[in-house]
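# Tertiary structure, described
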Amino acid sequence: QVKLVESGGGLVQPGGSLRLSCAASGTFFTIDNMGWYRQAPGKQRELVASITPGGNTDYADSVKGRFTISRDNAKYTVYLQMNSLKPEDTAVYYCSADVTIAAYPTQTTGNYWGQGTQVTVSS
């Protein structure tokens with residue numbers, strides 16, 4: 001009932017910037033916390049940044065000061081602005097959302113993931 005569609009990935013040179021977007025669609029009541037994760041080859045998936053409905057944010061130490069997460073609740077979209085990109089940022093990036101999909105007969109929530117988008121930082 002809920003689909004997250006990511007866009008904005010690609011190839012960029014070190015020091016460059018990319019902006020990732022993830023829009024939610026389908027049937028749902030509210031979108032709660034949203035976040036971005038990444039997974040590099042041979043490594044575990046890690047949390048990059050998260051944001052609450054009210055705009056409170058949290059970042060991994062490795063990206064703090066370079067990345068900015070934001071959201072547009074009217075558009076059901078979360079963004080990740082990535083600046084000063086480094087080769088070690090190369091990974092598949094996934095967006096995630098905690099979603100309330102029903103309130104009747106009981107409140108129902110779920111965690112949903114996008115399909116992932118490749119970010120490659122290389123000269």
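Before reading on, note that the structure itself is shown above.
The structure contained in this document is the topic of the report that follows. These numbers come from a predicted model, not from an experiment.

Bringing the sheet that holds strand β7 (residues 67–72) into the picture now. On the basis of which strands lie adjacent, the open sheet formed by four strands has the order β1-β3-β8-β7 and antiparallel pairing. Of all strands in the sheet, those bounded by a partner on one side alone are β1 (2–7) and β7. The sheet shows a mean angle of 15° between the axes of neighbouring strands, taken without regard to direction. Alignment of strand β3 (residues 18–26) against strand β8 (residues 77–82), held across six bridges, turns out to be antiparallel.

Going through the model one piece at a time under the given rule, you end up with one disulfide. There is a disulfide in this structure between Cys22 and Cys95, and the S-S distance comes to 1.9 Å. Note that Cys22 is positioned in strand β3 and Cys95 in strand β9 (residues 91–102), a separation of 73 residues in sequence. On the accessibility criterion, Cys22 (0% relative accessible area) is buried. Since its relative accessible area comes to 1%, Cys95 is described here as buried.

Summed over the entire model, instances satisfying the criterion amount to two aromatic pairs. Taking the centre distance of 5.2 Å and the plane angle of 80° together, the rings of Phe28 and Tyr76 count as edge-to-face. One end of the pair, Phe28, is in the loop between β3 and β4 (30–39); the other, Tyr76, is in the loop between β7 and β8, with 48 residues separating them in the sequence. Judged by its relative accessible area of 42%, Tyr76 falls in the partly exposed class. For the pair Tyr37 and Trp113, a centre-to-centre distance of 4.8 Å together with 55° between the ring planes defines the contact as tilted. Here Trp113 lies in strand β10 (residues 108–113) and Tyr37 lies in strand β4, a separation of 76 residues in the sequence. The class for Tyr37 is partly exposed, based on a relative accessible area of 24%. Classification of Trp113 by relative accessible area gives partly exposed; the value is 34%.

A word on the pattern of salt bridges. Following the criterion strictly, the structure yields three salt bridges and no others. Glu46 is the partner of Arg38 in a salt bridge, and the nearest nitrogen-oxygen pair spans 2.8 Å. Here Arg38 falls in the buried class, since its relative accessible area comes to 6%. For Glu46, a relative accessible area of 33% puts it in the partly exposed group. The structure contains a network of salt bridges with shared partners spanning Arg38, Glu46, Arg66 and Asp89.

With respect to the helices, strands and loops of the structure, Thr100 is situated in strand β9. Overall, Thr100 belongs to the buried group, its relative accessible area being 11%. Among all residues touching Thr100, those that are not within four sequence positions of it are Phe28, Phe29, Thr30, Gln107, Thr108 and Thr109.

Reading the values: rules and limits
Residues numbered from 1 in each chain as written. Predicted model: local features only at pLDDT ≥ 70, side-chain atom pairs only at ≥ 80, totals over all residues. Heavy atoms only, no water. Pairing = 2+ DSSP bridges. Helix = DSSP H or I, 4+ residues; strand = E, 2+ residues; numbered from the N terminus. Axes fitted to C-alpha atoms, helices over the stretch in contact; angles between N-to-C directions. Disulfide = S-S within 2.5 Å. Buried < 20%, exposed > 50% of the residue type's maximum accessible area, 1.4 Å probe, protein only. Phe/Tyr/Trp six-rings, centres within 6.5 Å; stacked < 30°, edge-to-face > 60°. Salt bridge = Lys/Arg side-chain N within 4 Å of Asp/Glu carboxyl O. Contact = heavy atoms within 4.5 Å.

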